[in-house]
2 protein chains.
Amino acid sequence: MEINQIIAKFHEKGFKATPQRLAICKYVLLSKDHPTTDMIYNEVKQEYPTISLATVYQTLHLLSDIGLLQELDSNNGISRYDPKTSPHINIICKKCGKVEDYESERLEKFWSKIVDDLGFKPLGQRIDVYRYCEDCRRSRVK
Amino acid sequence: MEINQIIAKFHEKGFKATPQRLAICKYVLLSKDHPTTDMIYNEVKQEYPTISLATVYQTLHLLSDIGLLQELDSNNGISRYDPKTSPHINIICKKCGKVEDYESERLEKFWSKIVDDLGFKPLGQRIDVYRYCEDCRRSRVK
DNA sequence: TATTTAAATAATACTGATTACAAATTAGCT
DNA sequence: AGCTAATTTGTAATCAGTATTATTTAAATA
Ligand SMILES: [Mn+2]
Ligand SMILES: [Mn+2]
Ligand SMILES: [Zn+2]
Ligand SMILES: [Zn+2]
């Protein structure tokens, strides 16, 4: 997503396009990492050293409200943020919480049929699959 | 699930079948409500008044570990517990967090194909669809 | 059935991610 | 350039969940 499009989106929705918000967008909307708040805060601080953690939280909620990303709560109490809001599978490690996207044409086709069956247009969806990631399997004592 | 099967499951996995655990199971494994910890605690207290909240948390984690239920973390910070661990859709209200099951033969068929594509057997899955529930739509100011 | 003991419970203190707050700053409007 | 409501910051407060530990107990054993 172009920076100008993002600015336009903020304005269109009646929000200010502050440099803090744009710095957060630049990082998180391009990220493939499903980053945590802490990852986002630390990364954005490089470019914008005075940014507050409160601003990061507030901006992530705003981006979620206007549909630019999805918050993924996890059972270790640490949320991750996903800029891909279209139907796709997140492969999530049960141990460390790492998230990987799984793209699937088949899923997309299936999903549109499922949504037809539902009878309403969802505000969003979350499709997770759980396993232990390679790193965690390797270091597993069992 | 029969109470004797549950007791057997605990023993099989090497855990004690305590009355606290059985009281929790009796409530949560039959529940269609995707109850929160608090709902479970308050309900089980009726039957077992001296139970501790710590025991409820510990038991829910145990049940999750042995695959009898799934924890659903939500963005309001309050987890819900789902005794249905097979692939199905949870229709979740974005406002109040209420969860409703959506049963779908089509989904089950689709899902097995998706899993084949994945190339590994998941430890579990979570398929959510978001909307505002009827109650919340009704009381919505917008 | 009584004894033994590792596992489990209960009560409570603690943790840490997130939220609330209020003073200072600022984007965008005119 | 000046205005002002929106936003940011820094910090305090919250509170769901976890850790701790003394006490109790399920169930294995004799
Ligand atoms: Mn994703
Ligand atoms: Mn369900
Ligand atoms: Zn991992
Ligand atoms: Zn609702």
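Here the structure is a predicted model, which is why all the values come from computation and not from measurement.

All right, on to the domain arrangement of chain A then. Residues and elements named next belong to chain A. Along its sequence, chain A is organised into domain 1 (3-72) and domain 2 (86-141). Computed from C-alpha coordinates alone, the two centres of domain 1 and domain 2 are separated by 23 Å. Interface of domain 1 and domain 2: buried area, both sides summed, is about 460 Å²; carbon and sulfur atoms make up 48% of it. Contact with domain 2 buries surface across domain 1, with His34, Gln70 and Leu72 losing the most and accounting together for 89% of the total. Inspection of the domain 1/domain 2 interface yields 0 salt bridges. At the junction of domain 1 with domain 2, the criterion picks out 4 residue pairs in polar contact (both at pLDDT 80 or more). Classifying every residue of the side of domain 1 that touches domain 2 by side-chain character gives 1 nonpolar, 2 polar and 1 charged.

What follows deals with the layout of surface pockets. One way to see where empty space is left: roll a probe the size of a water molecule over the atoms. Of the voids in this model, the largest pocket is the one considered here, and its volume is about 950 Å³. Lining the largest pocket are 34 residues, and of these A:Ser64, A:Leu123, A:Gly124, B:Lys94 and B:Tyr130 lie nearest its centre. Contributions of two or more residues to the lining of the largest pocket are made by α4 (53-65), β1 (70-72), α5 (105-118) and β5 (124-131) of chain A together with β3 (89-93) and β5 (124-131) of chain B. Class assignment of the residues belonging to the lining of the largest pocket gives a composition of 12 nonpolar, 12 polar and 10 charged. The computed volume of the second largest pocket comes to approximately 740 Å³.

Turning next to the interface of chain B and chain A. At the interface, 30 residues of chain B touch 30 residues of chain A. Contact between chain B and chain A buries roughly 2800 Å² in total, counting both sides, with carbon and sulfur atoms accounting for 68%. One can count 2 salt bridges joining chain B with chain A. Linking chain B to chain A there are 12 residue pairs in polar contact (both at pLDDT 80 or more). Taken together, the elements giving at least two residues each to the side of chain B that touches chain A come down to β1 (70-72), β3, α5 (105-118) and β5 of chain B. Residues belonging to the side of chain B that touches chain A are distributed by class as follows: 15 nonpolar, 6 polar and 9 charged.

Thresholds, definitions, all that
- Residues numbered from 1 in each chain as written.
- Chains lettered and ligands numbered in written order.
- Predicted model: local features only at pLDDT ≥ 70, side-chain atom pairs only at ≥ 80, totals over all residues.
- Heavy atoms only, no water.
- Domains from an automatic or database assignment.
- Buried area = accessible area lost by both parts, 1.4 Å probe.
- Salt bridge = Lys/Arg side-chain N within 4 Å of Asp/Glu carboxyl O.
- Polar contact = N/O pair within 3.5 Å; in protein donor to acceptor, adjacent residues only side chain to side chain.
- Nonpolar A, V, L, I, M, F, W, Y, C, P; charged D, E, K, R; others polar.
- 1 Å grid on protein atoms, 1.4 Å probe; cavity = no way out; pocket = protein on both sides within 12 Å on 5 of 7 lines; lining within 4 Å.
- Points joined across faces, edges and corners; volume = space filled by probe spheres on them.
- Helix = DSSP H or I, 4+ residues; strand = E, 2+ residues; numbered from the N terminus.
- Contact = heavy atoms within 4.5 Å.

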